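# A closer look at the structure
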Amino acid sequence: MTRIVFVTPAAARIEIDADDGLSVMECARRANVPGIVAECGGACSCATCHVHVDPAWSAQVGEATGMERDMLEFAEDVGETSRLSCQIKVAPALDGLVVHLPAGQG
């Protein structure tokens, strides 16, 4: 299990144990993390699982590319470390990953 920390817009921290190999979005939905809508179920076609990767983790997680970058154009409050959580695969190297939830999903 890999620990993922979600920070809400109100600065509340929600820590979950995530299954390696799944996406951050899938793990958030299984744990009922509020703010991850995930309308498309992880197909990278809706941008409703948008998160801001904490700057301390941005290099390890990497930047959005290709289709993910295109979908982020439809998200609210997109920033330099924005990612779609459906495109971040959970792995032991991400233990302690911190992502910030935007105030709303696009």
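Quick summary incoming for the structure in this document. Within any chain, residue numbers begin from 1 and follow the written order of that chain's sequence. Restriction of local features to residues with pLDDT of at least 70 applies here, the model being predicted, together with a cutoff of 80 or more for giving and counting side-chain atom pairs; totals for whole chains, interfaces and linings are based on all residues. To obtain the side-chain values, all non-hydrogen atoms of the structure were used and water was disregarded.

## Quick word on the sheet that holds strand β3 (residues 50–53)
What counts is decided by this rule: Note: two strands are recorded as paired if DSSP finds a minimum of 2 bridges between them. Strands here mean DSSP runs of E at least two residues long; helices mean DSSP runs of H or I at least four residues long; both are numbered from the N terminus. The axes used here are C-alpha line fits, helices contributing only the stretch in contact, and every angle between their N-to-C directions lies in the interval 0 to 180 degrees.
Ordered in space as β2-β1-β5-β3-β4, the five strands form an open sheet in which the pairing is mixed. Taken across any chain shown, the strands that pair with only one partner, and hence form the sheet edges, are β2 (13–18) and β4 (82–84). Geometrically, the sheet is characterised by an average inter-axis angle of 35 degrees between neighbouring strands, direction not taken into account.

## Let's talk about the environment of L101
Quick reminder of the rule: Contacts between residues were defined by any pair of non-hydrogen atoms, one from each residue, lying within 4.5 Å.
As for its placement among the helices and strands, L101 is situated in the segment after β5 (97–100). Once you skip the residues sitting within four places of it in the chain, L101 turns out to touch F6, V7, T8, P9, V33, P34, I36 and V51.

## What to know about the state of the cysteines
Definition in use: A pair of cysteine sulfur atoms is labelled a disulfide when the two atoms are within 2.5 Å.
Within this structure, the stated rule accounts for zero disulfides. Summary of cysteine pairing: C86 is not part of a disulfide, and the nearest cysteine sulfur, belonging to C49, is at 3.8 Å.

## Quick notes on unusual backbone geometry
One non-glycine residue, A11, lies in positive phi territory at about 75 degrees. Structurally, A11 is set in the loop between β1 (2–7) and β2. One non-glycine residue, A47, lies in the positive phi region at around 65 degrees. Along the polypeptide, A47 turns up in the loop between α1 (24–30) and β3.

## A closer look at the side chain of T2
Filter applied, for reference: By the criterion applied in these results, polar contacts are pairs of N or O atoms within 3.5 Å in which, for protein atoms, one can donate a hydrogen and the other can accept it, and in which residues neighboring in sequence qualify only through two side-chain atoms.
Topologically, T2 is positioned in strand β1. Within the structure, the side chain of T2 is placed 2.4 Å from the side chain of D20, a separation counted as a polar contact. Dropping the residues within four chain positions of it, T2 is found in contact with I16, D17, A18, D20, V90, A91, P92, L94 and D95.

Everything listed here is a matter of coordinates, which is why it stays silent on function.
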